[in-house]
Amino acid sequence: MRMRRLKWAEDYLKTSPSRMMEPEKVKGRWKRKLKTDGALHVEIGAGKGSYSHDMARMNPEDGFIAIEKNESAAGMISKKYDESPLPNLKMIYGDATDLRNWFQNREADIIHLNFSDPWPKRRNAKRRLSSPAFLDQYRDILSEEGEIWMKTDNSSLFEYSILQMLQAGFELIDFSVDYRRDEHPEDAITEYERKFMEAGNPIYRSVWKKGRRKND
Ligand SMILES: C[S@@+](CC[C@H](N)C(=O)[O-])C[C@H]1O[C@@H](n2cnc3c(N)ncnc32)[C@H](O)[C@@H]1O
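In this text, all values refer to a predicted model and were calculated from it rather than measured experimentally.

Per the secondary structure count, the protein includes 8 helices and 7 strands. For a compact globule of 216 residues, the expected C-alpha radius of gyration is about 17 Å, and the protein comes in at 16 Å, within 12% of that figure. Projected onto its principal axes, the C-alpha positions of the protein cover 40 × 40 × 35 Å. A burial count over the protein gives 51% of its 216 residues as buried. Long-range contacts, defined as pairs at least 24 residues apart, comprise 78% of the intrachain contacts of the protein with a sequence gap of at least 6.

UniProt's entry tags K121, D153, T190, E191, Y192 and E193 with the feature "binding site: substrate" (unreviewed entry), counted in the numbering of this structure. The named residues occupy 73 residues along the chain; their greatest pairwise C-alpha distance, 24.9 Å, places them well apart from one another. With respect to the secondary-structure elements, D153 resides in the loop between β5 (142–152) and α7 (155–167). Residues in contact with D153, not counting those within four places in the same chain, are F115, F196, P202 and Y204. The residues touching T190, leaving out its near neighbours within four places in the chain, are Y51, N114, F115 and K151. A polar side-chain atom of T190 sits 3.4 Å from the main-chain amide nitrogen of Y192.

Lining the immediate environment of the ligand, one finds 18 residues, of which G45, E68, N114, T190 and Y192 sit closest. A distance of 3.0 Å separates a nitrogen atom of the ligand from a polar backbone atom of A96. Between T190 and the ligand, the recorded distance is 2.7 Å, taken from a side-chain N or O atom to an oxygen atom. When the ligand sits alone it has 600 Å² of accessible area, and the protein chains cover 93% of it. Classifying every residue of the shell around the ligand by side-chain character gives 6 nonpolar, 6 polar and 6 charged.

Here the focus is the pairing of strand β1 (residues 40–44). Taken across its 5 residues, β1 has 5 buried, putting it largely inside the fold. Alternating positions in β1 separate into two faces, L40, V42 and I44 on one and H41 and E43 on the other, with burial throughout. Across 5 bridges, β1 lies against strand β2 (residues 63–68) in parallel orientation. Looking at the pairing, V42 lines up with I65 of β2. Read from β1 through helix α3 (residues 50–58) to β2, the crossover connection turns out right-handed. As paired elements, β1 and strand β4 (residues 108–114) share 4 bridges and run parallel to each other. From the neighbouring strand, E43 faces β4, where its bridge partner is H112.

What counts, and at which threshold
Residues numbered from 1 in each chain as written. Predicted model: local features only at pLDDT ≥ 70, side-chain atom pairs only at ≥ 80, totals over all residues. Heavy atoms only, no water. Helix = DSSP H or I, 4+ residues; strand = E, 2+ residues; numbered from the N terminus. Rg over C-alpha atoms; globule rule 2.2 N^0.38 Å. Buried < 20%, exposed > 50% of the residue type's maximum accessible area, 1.4 Å probe, protein only. Contact = heavy atoms within 4.5 Å. UniProt positions renumbered as here; feature names shortened; annotations may be inferred. Polar contact = N/O pair within 3.5 Å; in protein donor to acceptor, adjacent residues only side chain to side chain. Near = heavy atom within 4 Å. Areas by Shrake-Rupley, 256 points an atom, 1.4 Å probe, with all protein chains shown as cover. Nonpolar A, V, L, I, M, F, W, Y, C, P; charged D, E, K, R; others polar. Pairing = 2+ DSSP bridges. Right-handed = clockwise from strand over helix to strand, strands pointing away.

Structure (structure tokens):
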């Protein structure tokens, strides 16, 4: 689903208080910036940003960073966060191929991948947020007890991601092929998730622990 271009987003993002203009300058200091001693959550591909906003409100002791590379979506996120600011929430407008520039090794505690673009054609596999190069970055920036939480409606992406995570040495600690069959009030519903739930589609979810790589 391609997002309509929002002309105001470019200018809005230049001065938005919730946007971190130079995230590389906060590298290693995110928890201080977000005034938190709790877990640091990083959502990659945040869309319109409601998931991190809801989670930051529900977990005021934790810090949240929403990353989004699409200008119009990033504009919507920052507007939402500016209109209803939370001290433990910021956004980064940028491509998550640069995570090591923004986060120190072992700085993040939970990475959220919510309804990532499936990129079904094999030639685009490198763009999938669960492809090996992304998983390598996640492993570097995640703390020793760090986790990846993944949700999708796409069974092919789910299967692909499970294989990639296992090959990258992550340990599967939770798994469902119909996650919203049960109530999960502790986990916010994303914009995409709500649409799929309304259409009656099952939500696939897996949770991964960093674990040790075979040669660690
Ligand atoms: C299908 S949407 C899902 C949005 C939201 N997570 C949800 O569940 O409603 C995927 C989003 O990920 C963003 N995205 C994809 N690859 C990205 C990357 N490498 N860095 C940052 N954002 C990315 C896209 O721009 C898009 O907004």
